[in-house]
Amino acid sequence: MFHDLLTSAILINLFATMIRLSTPLLISAMGELVAERSGVMNLGVEGMMLMGALVNYMITVNTGRLWLGLLAATIAGGLMSMILAVMSITLKVDQTVTGLSLNLLSSGLTLFIFRAFYKTENVIDLFPQVPIPLLSNIPYIGEIFFNQKGLTYFAFLCIPVIAFILNRTKIGLAIRSAGENPHAVDTRGLNVDKLRYIAVIFGGLMAGIAGSFFTNGISSRFMQEITAGRGWLAIIIVIAGNWQPLRMLIATLVFALLDAFQFTLQGIGTDIPFQILLSMPYIIALVALMSSRVRSRMPGSLGVPYIKD
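These lines cover the structure that appears in this document, whether it is placed above or below. Note that this is a predicted model, so its numbers are computed, not measured.

## Examining the packing of helix α7 (residues 170–180) against helix α9 (residues 192–219)
Okay, so step 1: Two elements in contact, α7 and α9, have axes separated by 9 Å at closest approach and are oriented at 105 degrees. The orientation of α7 with respect to α9, classified from their angle, is roughly perpendicular. Together, Ile171, Ala174, Ile175 and Ala178 of α7 and Val192, Leu195, Arg196 and Ala199 of α9 make up the contact between the two elements.

## Digging into the layout of surface pockets
Okay, so step 1: Considered as a void within the structure, the largest pocket measures approximately 330 Å³ in volume.
Okay, so step 2: Of the residues that constitute the lining of the largest pocket, the class distribution is 12 nonpolar, 5 polar and 3 charged.
Okay, so step 3: Roughly 230 Å³ of volume is contained in the second largest pocket.
Okay, so step 4: The wall of the second largest pocket is formed by 13 residues, among which Val34, Val161, Ile162, Ile165 and Phe202 lie closest to the centre.
Okay, so step 5: Ranked by residues supplied to the lining of the second largest pocket, first place goes to helix α6 (residues 150–168) with 7 residues.

## A short note on the side chain of threonine 23
Okay, so step 1: Looking at where threonine 23 falls in the secondary structure, it is placed in helix α1 (residues 2–37).
Okay, so step 2: Of the polar contacts made by the side chain of threonine 23, one reaches the backbone oxygen of arginine 20; its length is 3.0 Å.
Okay, so step 3: Sequence-distant contacts of threonine 23, defined by excluding residues within four places in its chain, comprise Leu151, Thr152, Ala155 and Phe213.

## Focus: helix α10 (residues 230–240)
Three or four residues apart is the spacing at which side chains of an α-helix point the same way, because the helix has 3.6 residues per turn.
Okay, so step 1: Counting buried positions along α10 gives 9 out of 11 residues, so the element sits mostly inside the fold.
Okay, so step 2: Buried within α10 we find Arg230, Gly231, Leu233, Ala234, Ile235, Ile236, Ile237, Val238 and Ile239.
Okay, so step 3: With its phi angle positive at about 55 degrees, asparagine 242 sits one or two positions after the end of α10.

## Digging into α9
Okay, so step 1: Helix length check: α9 (28 residues) gives 40 Å between terminal C-alpha atoms against 40 Å at 1.5 Å per residue, within 8%.
Okay, so step 2: Residue phenylalanine 213 marks the point of greatest curvature in α9, where the axis turns by about 35 degrees.
Okay, so step 3: The element α9 is largely enclosed, with a buried count of 20 among its 28 residues.
Okay, so step 4: Where α9 begins, one side-chain oxygen reaches toward the backbone nitrogen of aspartate 193, 3.0 Å away; that side chain belongs to asparagine 191.
Okay, so step 5: Of the residues flanking the end of α9, it is serine 220, one or two places downstream, whose phi is positive at about 65 degrees.

## Description of the nonpolar core
Okay, so step 1: Core analysis: the largest hydrophobic core is formed by 71 residues, its most contacted members being Met30, Leu33, Ile162, Val200, Phe222, Ile237 and Met248.
Okay, so step 2: The greatest single-element share of this core, amounting to 10 residues, is contributed by α9.
Okay, so step 3: Not counting residues within four places of it along the chain, the set of residues in contact with leucine 33 comprises Ile162, Leu166, Val238, Trp243, Pro245 and Met248.
Okay, so step 4: In this structure, Leu21, Ile144, Ala256 and Ala260 belong to the second largest nonpolar core, which totals 8 residues.

## Overview of the environment of isoleucine 165
Okay, so step 1: By the secondary structure assignment, isoleucine 165 is in helix α6.
Okay, so step 2: Along the backbone, isoleucine 165 and valine 34 are 131 residues apart, and their C-alpha atoms lie at a distance of 9.8 Å.
Okay, so step 3: Excluding anything up to four places from it in sequence, isoleucine 165 contacts Ile171 and Gly172.

## A look at empty space enclosed by the protein
Okay, so step 1: One pass over the structure, following the stated rule, counts 1 cavity of 30 Å³ or more.
Okay, so step 2: Lining the largest cavity we find Val40, Ser88, Ile89, Lys92, Gln95, Asp193, Arg196, Pro305 and Tyr306.
Okay, so step 3: The set of elements that each furnish at least two residues to the lining of the largest cavity consists of α3 (66–90) and α9.
Okay, so step 4: The residue inventory of the lining of the largest cavity, partitioned by class, reads 4 nonpolar, 2 polar and 3 charged.

The rules behind these values
- Residues numbered from 1 in each chain as written.
- Predicted model: local features only at pLDDT ≥ 70, side-chain atom pairs only at ≥ 80, totals over all residues.
- Heavy atoms only, no water.
- Axes fitted to C-alpha atoms, helices over the stretch in contact; angles between N-to-C directions.
- Helix = DSSP H or I, 4+ residues; strand = E, 2+ residues; numbered from the N terminus.
- Parallel < 35°, antiparallel > 145°, perpendicular 65-115°, else oblique.
- Contact = heavy atoms within 4.5 Å.
- 1 Å grid on protein atoms, 1.4 Å probe; cavity = no way out; pocket = protein on both sides within 12 Å on 5 of 7 lines; lining within 4 Å.
- Points joined across faces, edges and corners; volume = space filled by probe spheres on them.
- Nonpolar A, V, L, I, M, F, W, Y, C, P; charged D, E, K, R; others polar.
- Polar contact = N/O pair within 3.5 Å; in protein donor to acceptor, adjacent residues only side chain to side chain.
- Buried < 20%, exposed > 50% of the residue type's maximum accessible area, 1.4 Å probe, protein only.
- Expected span 1.5 Å × (residues − 1).
- Bend = angle between axes of the 7 residues up to and from the residue.
- Core = buried A, V, L, I, M, F, W, Y, C linked by side-chain atoms within 4.5 Å.

What follows is the structure in structure tokens.
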């Protein structure tokens with residue numbers, strides 16, 4: 001009897017952790033989806049998330065207001081994305097080089113700012129759990145899905161909302177067309193660069209929100225490279241999900257489950273070296289990348305700067 005209860009508790013904790021850890025991945029991946037649908041490959045997601053995490057930490061430490069920290073992190077991600085937008089859309093700089101440069105800038109800048117202004121480690125509060133009435137009382141299911149943080153519900157709500165916007169609205173059609181055939185969009189009298197700016201900045205705002213979750217939703221502190229490559233996983237999720245929101249959700253849950261699994265194994269004790277456990281999501285990510293080229297729905301002009309004739 002005790003063994004059954006212990007097993008149930010471990011499984012509930014495993015899947016509840018999976019849902020929680022999927023939050024930053026899903027938010028940043030949905031923002032990246034919109035950017036890539038417009039034709040811009042935003043490889044700077046990791047840097048935007050990292051900057052969002054630091055700004056959230058700084059504002060929350062100095063004001064004690066969690067929601068103000070979240071707002072500041074969102075703005076920080078948007079400002080970082082504007083740098084990428086100017087470089088890749090206006091100046092036509094190679095998008096791969098721009099994204100990688102942004103990541104390097106953010107990595108060095110966040111570490112410098114953190115060490116310069118914070119000599120001691122400050123711990124901030126975490127956003128509280130928000131149990132949904134009635135649904136959170138459902139055995140097993142309620143604890144896993146309906147007793148999470150507000151940003152987690154937001155992440156899952158983004159899936160149908162963004163899918164609807166991209167597929168059922170005029171602005172969504174224009175963004176997708178800018179990524180498929182920008183010349184056709186231009187002949188219709190629409191501004192391709194403006195559409196791409198909107199999409200890239202939206203992706204940056206989402207990356208900032210995702211980054212804030214590492215400090216106000218998971219760890220309650222900031223540390224060097226706290227995002228630990230999750231921005232790269234977000235890009236892989238878009239590719240592995242074949243640029244389709246529902247498939248991206250599946251890919252996100254797979255990566256989050258592997259992440260949660262290694263935390264659970266470390267918690268209950270195992271002889272497996274923790275380095276192997278930490279590498280599991282990234283090993284699967286490589287496999288997903290190698291198998292993602294079959295029937296790819298990659299936007300036709302992804303990564304190609306638009307130069308008006």
